Structures are given as structure tokens and as C-alpha cells.
Amino acid sequence: ALSTSMTALTTALLAVIASLKLTFARSLSLGSAIGDILSKPALRYGTPILKTHLDDDYHKWIEPTIMYACRAVSMSIAFWLQQIISAVHSAVQGGQLFTASLCRYLRKYGISTFDPDTSNLDEMAGYVVAVLGLGWQLFYRTPFILSLVLLPLTMCEYAIRFALVWFN
């Protein structure tokens, strides 16, 4: 039983890492491409300014520094945008799952006769829950007590991030 559980957990972890690596690579590629586009005008306008302020010994480093700075900034923006896109996606999906499951639960125990398969009301309620969830993700911090309860999950998230970035 323990062996089966460990195999299932390892398989799930590898699936998560593979999915995140694809998203990471896509963001990395987008950021690099945008950085290459931005480096042309940055070189055109930044090189003369830096040449007037730097010694002649450092002029050979101006072009690579501007190019890498443009890539670093654009990759940071691409990763930030990817986090927002992921937050919107998880909020919408979570809102839909929550309202559909709540409707089915209430119907199962006879509290409500509402059928989510024949109405769009649960989808509309799911969007409301999604907006609330997205607002929470973007603008609020988790209360300290809840942070302590969720500490093991937070540690797992950081371990996955570490594995995503450092292991190939």
C-alpha cells in the first residue's frame, strides 16, 4: 500500500513538473524574444549615452550589458504576466468546480432541487466565485494562522519551484 502511494505521488509530482516546465519554457522563450526586440532601440539610444559616461575600457561591455538587461527585464515581465494568467485560469476553474460541486452536494442531500446540468446559473455563480478568488489571490495576503496550517503545502510549492528551475 505504501509503495503504491509513493508511486502515485511520484507520478503526480513528475506530471506537475513536466507541465510547469512547459509553461516555464514558454515564458522564457517569450521573454527572450521580446528582449531581443527591445534591445535594438535600447542599443540605439543607450549606447551613445553610456559611451559619454563610461571610460573607454568599458565600451566593449555596453552592448552585451544592454542586451542582457533588456532580456532580463522582459523575462521578468513575461513571468509576471504568466503568473497573472495562471491565477485567472485557476480562479475560473476553481469557481466552476466549487459551484458545480456545491449544487450537486445540495441536490444529493435534498437541500435543493437545482440541477446544474440544465441551467447556466451555476456557471454564473462560478464566475462570481472566480472573481472573488482572483481578487484574493492578487490583492490579499493569507492570514497568519492559515499560513501556519498551509505551511507544508507552501514548502511543497517551493520544492516544486526549485526542482523546476534547477533540475533538468
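No experiment lies behind these values; they were computed from the predicted model shown.

Caption draft 1: Main features of a nonpolar patch on the surface. Taken together, F144, I145, L146, L148, V149, L150 and L153 make up a surface patch of nonpolar side chains, about 720 Å² in accessible area. In terms of residue count, helix α4 (residues 144-149) provides more of the nonpolar patch than any other element does, five residues in total. With respect to the secondary-structure elements, L150 resides in the loop between α4 and α5 (151-166). Residue classification places L150 among the partly exposed positions, given a relative accessible area of 33%.

Caption draft 2: Looking closely at the pattern of salt bridges. Within the structure shown, the criterion is met by two salt bridges. Linking D36 and R71 is a salt bridge whose minimum nitrogen-to-oxygen distance equals 2.8 Å. Of this pair, D36 sits in helix α1 (residues 2-53) while R71 sits in helix α2 (residues 62-108), and the two are 35 residues apart along the sequence. R161 is the salt-bridge partner of E157, the closest N and O atoms lying 3.0 Å from each other. You can see E157 and its partner R161 sitting in helix α5, four residues apart, about one turn around the helix. With a relative accessible area of 37%, E157 lands in the partly exposed category.

Caption draft 3: Inspection of the environment of C70 at higher detail. Checked against the element boundaries, C70 lands in helix α2. Separated by 68 residues in the primary sequence, C70 and L138 place their C-alpha atoms 26 Å from one another. Contact partners of C70, with chain neighbours within four places excluded, come to G35, L38, S39 and A42.

Caption draft 4: Region of interest: the packing of aromatic side chains. Counted according to the given criterion, the structure contains three aromatic pairs. Pairing F24 with F79 gives two aromatic rings, centres 5.4 Å apart and planes at 15°, and the pair type is stacked. A residue pair is termed long-range when its members are at least 10 positions apart, and F24 in helix α1 and F79 in helix α2 qualify at 55 residues. The exposure class of F24 is partly exposed, given its relative accessible area of 25%.

Rules used in this analysis
Residues numbered from 1 in each chain as written. Predicted model: local features only at pLDDT ≥ 70, side-chain atom pairs only at ≥ 80, totals over all residues. Heavy atoms only, no water. Patch = residues over 30% accessible without salt bridge, like charges linked within 9 Å, V, L, I, M, F, W, Y side chains within 5 Å. Areas by Shrake-Rupley, 256 points an atom, 1.4 Å probe, with all protein chains shown as cover. Salt bridge = Lys/Arg side-chain N within 4 Å of Asp/Glu carboxyl O. Helix = DSSP H or I, 4+ residues; strand = E, 2+ residues; numbered from the N terminus. Buried < 20%, exposed > 50% of the residue type's maximum accessible area, 1.4 Å probe, protein only. Contact = heavy atoms within 4.5 Å. Phe/Tyr/Trp six-rings, centres within 6.5 Å; stacked < 30°, edge-to-face > 60°.

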